[in-house]
Amino acid sequence: MANRWTRRRREVQTRLPLHVSHPSSSISYWYCDFKIYNLNERLFSFGCRYARFLRVWFTVGVAFSFMALLGVSVMLLWDSAGPFHLRSRDMEINSLSVPGLSLSIMDTGIMIVSTLISVALHEFGHAVAAASEGLQIEYIAIFLAVLFPGALVAFNYDMVRSLPHFAALRIYCAGIWHNVMFCAVCALALFLLPLILHPVYLHNEGPMVLGVPQTSALSGFLSPYDVIVSLDGSNIKSPQEWMKKMAQINAQILPKSTYLEESLHSQAVSGRKGYCIPNSWVEESRSEQFSCPDELTAFVRISCSNSSLLVGRGDSDKDKVEDRHCLPAKDVVKLKKCGDEWEMTGNERSHCACSEEESCMAPVQIPGLSWVEISYSSPYSSECLKLRRNLSSTYSENNSGSTSCGGSFVYVGDVPSVAYSIQLSAYQPRWSSIIFSAYLPYVLEKLLGCAFHVSATLGLLNSLPVYFLDGESILETSLCYITWLTPRRRRGVLRFCLATGTLLSVITILRILYSIL
């Protein structure tokens, strides 16, 4: 950002020759910086050579930045008009928020790179805009004020004030304009990324697992390069669908758990999500105890007319539920499904219809937890590749049961924590020989997405009418066009707008941070 405090501190100076030596850094208790002088001549030469084009380019930036300043000011006033409390929509930003979610080393590195690129483009805009107006910059500095990093372009403030107002606006607005254009480039690259990578990668053919931490509940069930096929019988094509489906499952269980907390011994039964259990299993697995051993799961018989049942002492639905049966979930998920809650198509769409030798039974669900059946394939595993070669045919995914190329398992627990616990990519390498490059699309998506948000945030912050940012200089220069204001009144209006804008901005930022934390 073109730091106004630095320019005012140097306003009594005149332009110095570029070859004169300068101190390369400044250090104090609350501020330190590193100054760069080597780029001055190159930037000035570039700005002068393409001055006509650059002035047109930055003129468009002035129009956009001025509209951004007005828009952000209106948003601040509108937001402050309501009572000071968190609205319900603020709390519903993400229904799968995970307390204590931390950034990985890769995410931290991507954020740092995105910030460096966004800040560099912002300051490059200021420097080139100044050069196109015939103004040589004094230096570019990277600084750390207290704990906040940043960058600035320093130039002689007296010379800026001697320029026409619109020329000064082109310099002040150049950084915001470059951030906006960088956001547009990132958005376009994200949109075209599937097309660019199409010759080498499949897109939205199923989310590929890139990493499963040891702390994840899915560790031991999913491995890197596995592909998630379905959740509860619903096909999953992308990481976004994975999160959406998990959110739906989580939303369905919350009302039940809230209701059931009133009864200590109550447990929920998902009456429309069942399996056709052989009667021989049913007879052998009858249990008179309230709970099953750790390796087994409690099931009860359901009928088609029951959408949900409660098991507990004194329940009115007691006659609808038979004795408990303790069954191994890993074997049950291989059986035919019954009930109306499964999302299946074609001939698999069911009904509660099981054969005469089978009973439709549903798992007893612990309040606050969900029963989720996850099907996956392992197309890049050595077993699957060997099977492909032996069959000399394309592998066909099997959504039920286990094969050498995948299988199904049941997760019973907290959905939000497990939804974020694994790394997923929407891209799959077309050939197993390039499986090592599976992380490349993920890193590109992360980098472009993070750069878009960081650049947008930087441009938005500099559009705010607050002290020490570009918005202050833009507002001050814009007020010069109001000719009926005396210089004294103009300074008063400027101080009032900056003080109000700074106060409202701080309140808004604190509210956002509070809603996130």
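Computed from a prediction, not measured in an experiment: that's the story for all the values here. (Residues numbered from 1 in each chain as written. Predicted model: local features only at pLDDT ≥ 70, side-chain atom pairs only at ≥ 80, totals over all residues. Heavy atoms only, no water.)

Time to look at the overall build of the protein chain. Secondary structure assignment for the protein chain yields 15 helices and 18 strands. A total of 517 residues make up the protein chain; the buried ones form 45% of that total. Summarising the internal contacts of the protein chain: among those between residues at least 6 apart in sequence, 78% fall at separations of at least 24. (Helix = DSSP H or I, 4+ residues; strand = E, 2+ residues; numbered from the N terminus. Buried < 20%, exposed > 50% of the residue type's maximum accessible area, 1.4 Å probe, protein only. Contact = heavy atoms within 4.5 Å.)

Here the focus is the nonpolar core. Core analysis: the biggest nonpolar cluster contains 31 residues, and Phe58, Ile137, Phe155, Ile171 and Ile474 have the highest contact counts within it. Elements with a minimum of two residues in this core: α3 (51-81), α5 (105-132), α6 (157-162), α7 (165-197), α14 (470-479) and α15 (487-516). Element by element, the count of residues in this core is highest for α7, at nine residues. Among residues more than four places away in sequence, those in contact with Ile474 are Leu69, Leu169, Tyr172, Cys173 and Ile176. Judged by nonpolar contacts, the second largest core, of 20 residues, contains Leu218, Trp242, Tyr376 and Ala419. (Core = buried A, V, L, I, M, F, W, Y, C linked by side-chain atoms within 4.5 Å.)

Now for the UniProt feature "transmembrane region" (unreviewed entry) in the protein chain. Mapped onto this numbering, the UniProt entry gives "transmembrane region" (unreviewed entry) at residues 56-78, 98-119, 139-157, 169-193 and 493-514. Regarding residues 169-193, the helix share stands at 100% and the strand share at 0%, and the terminal C-alpha atoms are separated by 36 Å. The span residues 493-514 is 100% helical and 0% strand by assignment, and the distance between its end C-alpha atoms comes to 32 Å. (UniProt positions renumbered as here; feature names shortened; annotations may be inferred.)

Another point: the side chain of His178. Assignment of secondary structure puts His178 in helix α7. In this structure His178 comes out as buried when scored by relative accessible area, which is 12%. In contact with His178, not counting residues within four places along its chain, are Trp57, Phe58, Leu121, Phe124 and Gly125.

Glancing now at the packing of helix α2 (residues 40-49) against α5. Packing of α2 against α5 brings their axes to within 7 Å, and their N-to-C directions diverge by 60°. With respect to each other, α2 and α5 are oriented oblique. In the crossing of α2 with α5, the sense of the turn from one axis to the other is right-handed. For the pair α2 and α5, contact is made by Leu43, Phe44, Phe46, Gly47 and Cys48 and by Phe124, Ala127, Val128, Ala131 and Ser132, respectively. The residue inventory of the contact of α2 with α5, partitioned by class, reads eight nonpolar, two polar and no charged. (Axes fitted to C-alpha atoms, helices over the stretch in contact; angles between N-to-C directions. Parallel < 35°, antiparallel > 145°, perpendicular 65-115°, else oblique. Left-handed = near helix turned anticlockwise from the far one by under 90°. Nonpolar A, V, L, I, M, F, W, Y, C, P; charged D, E, K, R; others polar.)

With 28 residues, α5 should cover 40 Å at 1.5 Å per step; its first-to-last C-alpha distance of 40 Å lies within 8% of that length. Positive phi appears at Gly134, one or two residues downstream of α5, with a value of about 80°. (Expected span 1.5 Å × (residues − 1).)

Here we take up the side chain of Ser421. Mapped onto the fold, Ser421 is located in the loop between α12 (415-419) and β18 (423-429). On the basis of relative accessibility, which here comes to 15%, the residue Ser421 falls in the buried class. At a separation of 2.8 Å, a polar atom in the side chain of Ser421 contacts the side chain of Ser216. Of note is the side chain of Ser421, whose polar atom sits 2.8 Å from the backbone oxygen of Val418. Apart from residues lying up to four places away in sequence, Ser421 is in contact with Pro213 and Ser216. (Polar contact = N/O pair within 3.5 Å; in protein donor to acceptor, adjacent residues only side chain to side chain.)

Take the environment of Ala426 next. As for its placement among the helices and strands, Ala426 is situated in strand β18. A relative accessible area of 5% places Ala426 in the buried class. Between the alpha carbons of Ala426 and Asn204 there is a distance of 5.2 Å; along the sequence they are 222 residues apart. With sequence-adjacent residues up to four places away left out, Ala426 is seen in contact with Leu202, His203, Asn204, Glu205 and Pro239.

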